[in-house]
Amino acid sequence: MTAPTARPAWLERPSLAGRIVKALAVAIILTLVVYPFLAVLSTSLATQGEISRKGGLVIWPDDPTLEAYRTIFSGGVVTKALVVSIGVTVLGTLASMVATIMMAYGLSRKDMIGGRPILLVALFTMLFSAGIIPNFLVVKQLGLLNSYASLVVPVLVSAFNLVVLRNFFVNIPQELIDSARIDGAGDLAILVRLVLPLSKAVLAVIALFYAVEYWNAFFHALLYLSDTSKWPLALILRAYVLQGQPTTGSMNAMSDSLPPQEGIQMAVVIVAVVPILLVYPFLQRYFTKGVLTGAIKG
Amino acid sequence: MTDVRPIEADRTAGQPAPAEPQAPPVRRRTVWQRLRRDRTMLLLTVPGLLFFLVFHYVPLLGYVVAFQSYQPFLGFTQSPWVGLANFATTFGDPAFWSATLNTLKITLLQLVFFFPAPIALALLLNSMLSSKLRRFVQSVVYLPHFIGWVIIVSISQELLGGTGVVTHLLDAVGVHNADLTNNPAFFPFLVTLQVIWKNTGWGTIIYLAALVGIDQQLYEAAAVDGANRWRRLWHVTLPGLMPVTILLLILNLGSILSVGFEQILLQRDNVGADAGEVLDTYVYFHGIVDGQWGPSAAVGLVKGLIGTALILGANKLAHVLGQEGVYRR
């Protein structure tokens, strides 16, 4: 596991042809994943003149410019949407984590009275989901339409994340919990001082799941927010890039009726991707640590 | 609050707790005592429980509109009951059958092309001897899973659309003006390609875990018996992956009628409803957009029931065939 080229004695020496094929396959896969991001990035850095001269295909910008980014950050729709998305993501992730931790910890005592039925209530929701229409009607009845809360409250706890976290809590050695209890700690103190510090890795992964979910949320916003001034970045992205329209209440540089320039469109895509790219490297090492695989298996 | 609750005595029922020399004898707790002991834990579950009830179970009640001629201003209580008329309307609608057909087409393509992809990639990753390189490749291929559909569809239109790199490449080999993003015949393939790009890497996690779980001695024994690497793959590795593969197949069966709602909603207008409508978008456009609440809820209900029935049925089948399935019997 630790030595980079540990080969068991019974395993044949890999053939040269096999190694070349494998290396090629890996190189192609890496290219297929990475290239789209690079293409978007270089288009966002090119001038409109260069984009149209090259027929829309910019592999490397001759004359890189940040003009597109200056335009979208000069205030207006994209800036507003960015603030909305960041706010919903941060507050939503916090709320989801608190609710999920509370419920997962509450359900982690194996012989707890009522624990089994409550867990089943959550588990069953993985088997079915009440479609779009009934969910919409519930959100409407609760008066959540057109509020930012409609982006958070209806998806507050994911049954999957709950089960992953609960399984992790259940596997914390009972001796640790018992000794804390003998020292006089109550259930809440045990959660805060013992259980949470032991679960940092799995908490990080689950927080990433929630944050990505909130950041990318698009359909709920479309469904519940008819007021376009409240739209998060994902919906602005759809309006600008996929529908090629300047949205209502549009900003200075884009207020002409022409569809937004390709460079600006791609800059919006980059703005939507970068936060994920920034957080991902710090959290992905926990995947490889096996936290997740263990959790999924268990 | 101050007394030490004898948790450990309860946990190791039958044996005395080792830490305390004078452990109290194990006794049955009354419900009241257990409630007292567990009250903090129970209280902690309340917000989450409320969430699940309000946003997962109450909406199920909302399915009554499938049997009503629902009028939003009248509400559930005042809207007239129409029996199964909504179902009749739906099943008589050619657009519904077209959407069903499109859904099944995409599901089938995904089953054939997407489902095996993570297995193949996991085998490739697993065969890489350098764990450093493997970890690097893993972190790259996991990444697309975290990119939202709006972004993926945007990128895909940039690359495959009229001015994209793929269009240029196709042009070079003699296929001119091929805009893959608005070609109705290509649409199911386009959707499948996007799913492969997004989820293949992430899908390897569960197979890699299963591969780690295969006993290395089996490989060694097979090698000693003269099995070459292909025979070891066939006789050791693939059987080792079987339980998790069947598990994922069963779970996929449950979602056979739901194919990437957000993904398709974003692209449906590029190819028109004939090629781009699937059941979920049908429900959305007829229900929320056109206000046909009853018939759309009927579709949603049928879809949900079929999905659940398929999961339970497939699970039963897995048990009959001697596999573990999603849950044990």
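What you see is a predicted model; the values in this text were computed from it and never measured. Every chain is numbered on its own, with residues counted from 1 as its sequence reads. By the order in which they are written, chains take letters starting at A while ligands take numbers starting at 1. Note on the predicted model: pLDDT of at least 70 is required for a residue's local features to be given, and 80 or more for side-chain atom pairs to be given and counted; whole-chain, interface and lining totals, by contrast, use all residues. Think of the side-chain values as coming from all heavy atoms in the structure, minus any hydrogens and water.

Novice: Looking at this structure, how should I read the pattern of salt bridges?
Specialist: Side chains carrying opposite charge are able to pair once their charged atoms draw close together. One speaks of a salt bridge when a side-chain nitrogen belonging to Lys or Arg is within 4 Å of a carboxyl oxygen belonging to Asp or Glu. Under the defined criterion, the tally for this structure stands at nine salt bridges over all chains. Note that Asp187 of chain A and Arg109 of chain A form a salt bridge whose closest N and O atoms lie 2.8 Å from each other. Of the two residues, Asp187 of chain A is situated in helix H9 (residues 187-198) and Arg109 of chain A in the loop between helix H4 (77-106) and helix H5 (115-124); the sequence distance between them amounts to 78 residues. Under the scheme applied here, a residue whose accessible area is under 20% of the maximum for its type counts as buried, over 50% as exposed, and between as partly exposed, the area being computed with a 1.4 Å probe on protein chains only. Taking the relative accessible area as the measure of exposure, Asp187 of chain A reaches 3% and is therefore buried. Its relative accessible area of 11% is what places Arg109 of chain A among the buried residues. A salt bridge links Arg181 of chain A to Asp187 of chain A; the shortest N-O distance between them is 3.2 Å. One network of salt bridges, in which partners are shared, links Arg109, Asp111, Arg181 and Asp187 of chain A together with Arg37 and Asp38 of chain B. Each helix corresponds to a stretch of at least 4 residues labelled H or I by DSSP, and each strand to a stretch of at least 2 residues labelled E; elements are numbered beginning at the N terminus.

Novice: Is there a simple way to think about the interface of chain B and chain A in this case?
Specialist: In many reports, interface size means the accessible area that the parts give up when they come together. Here a residue-residue contact requires only that any non-hydrogen atoms of the pair lie within 4.5 Å. Facing the 93 residues of chain B at the interface are 103 residues of chain A. Summing the contributions of chain B and of chain A, the shared interface buries around 8800 Å²; its carbon and sulfur component is 75%. Looking only at chain B, the three residues that lose the most surface to chain A are Met41, Phe55 and Phe146 of chain B, adding up to 8% of its buried area. Joining chain B to chain A, the criterion identifies two salt bridges. As a salt-bridge pair, Asp38 of chain B and Arg109 of chain A come within 2.6 Å of each other at their nearest N and O atoms. Simply put, the buried area is the total loss of 1.4 Å probe accessible area from both parts when two parts are fitted together.

Novice: What am I meant to see in the UniProt feature "transmembrane region" (unreviewed entry) in chain B here?
Specialist: Residue and element names in this part refer to chain B. In the numbering used here, UniProt assigns the feature "transmembrane region" (unreviewed entry) to residues 42-66, 106-124 and 240-261. For residues 42-66, the helix share is 80%, the strand share is 0%, and the end-to-end C-alpha distance is 36 Å. Span residues 240-261 is 73% helix and 0% strand, its end C-alpha atoms 33 Å apart. UniProt positions are given in the numbering used here, feature names are shortened, and annotations may be inferred rather than shown by experiment.

Novice: How do you make sense of H5 of chain A when you look at a structure like this?
Specialist: Every α-helical turn comprises 3.6 residues, leaving residues that sit three or four positions apart pointing alike. Those residues of H5 of chain A not exposed but buried are Gly115, Ile118, Leu119 and Ala122 of chain A. In an axial view of H5 of chain A, the angular spread of the buried residues amounts to 100 degrees, which keeps them on one side of the axis. On the buried face of H5 of chain A, the contacting elements are H4 and helix H7 (159-170) of chain A together with helix H2 (31-61) of chain B. This arc is built from the directions going out from the helix axis to the C-beta atoms.

Novice: Help me understand the packing of aromatic side chains, please; the structure alone is not making it clear to me.
Specialist: Pairs of aromatic rings are described using the distance from one ring centre to the other and the angle between the two planes. Only Phe, Tyr and Trp rings take part, Trp by its six-membered ring, and two of them pair if their centres are within 6.5 Å. Stacked means planes under 30 degrees apart, edge-to-face means over 60, and tilted covers everything else. The tally for this structure, following the rule as stated, stands at 22 aromatic pairs over all chains. A ring pair is formed by Phe51 of chain B and Phe52 of chain B, whose centres lie 5.1 Å apart and whose planes are at 70 degrees; its orientation type is edge-to-face. Its relative accessible area of 5% is what places Phe51 of chain B among the buried residues. Relative accessible area serves as the criterion here: at 0%, Phe52 of chain B is assigned to the buried category. Plain terms: the ring middles of Tyr70 of chain B and Trp293 of chain B are 5.9 Å apart, the flat faces sit at 80 degrees to each other, and that makes the pair edge-to-face. Of this pair, Tyr70 of chain B sits in the loop between H2 and helix H3 (75-78) while Trp293 of chain B sits in helix H16 (residues 293-320), and the two are 223 residues apart along the sequence. Given a relative accessible area of 4%, Tyr70 of chain B falls into the buried group. For Trp293 of chain B, a relative accessible area of 9% translates into the label buried. Here the aromatic cluster, defined as three or more aromatic residues joined through ring pairs, consists of Phe209 and Tyr280 of chain A together with Tyr142, Phe146 and Trp202 of chain B.

Novice: What is the right way to read empty space enclosed by the protein from this model?
Specialist: One way to see where empty space is left: roll a probe the size of a water molecule over the atoms. Grid spacing is 1 Å over the protein atoms alone, the probe is 1.4 Å, and a cavity is where that probe fits but cannot get out, while a pocket is an open set with protein on both sides within 12 Å along at least five of seven lines and lining residues have an atom within 4 Å of a point. Grid points are joined across faces, edges and corners, and a volume is the space filled by probe spheres set on the points. What the rule picks out here adds up to four cavities of 30 Å³ or more. A volume near 70 Å³ is recorded for the second largest cavity. Every element with two or more residues in the lining of the second largest cavity is listed here: helix H10 (200-216) and helix H12 (233-242) of chain A together with helix H8 (149-160) of chain B. Looking at the lining of the second largest cavity, its residues break down into eight nonpolar, two polar and no charged. Note on residue categories: nonpolar means Ala, Val, Leu, Ile, Met, Phe, Trp, Tyr, Cys or Pro, charged means Asp, Glu, Lys or Arg, and polar means any other residue, Gly included.

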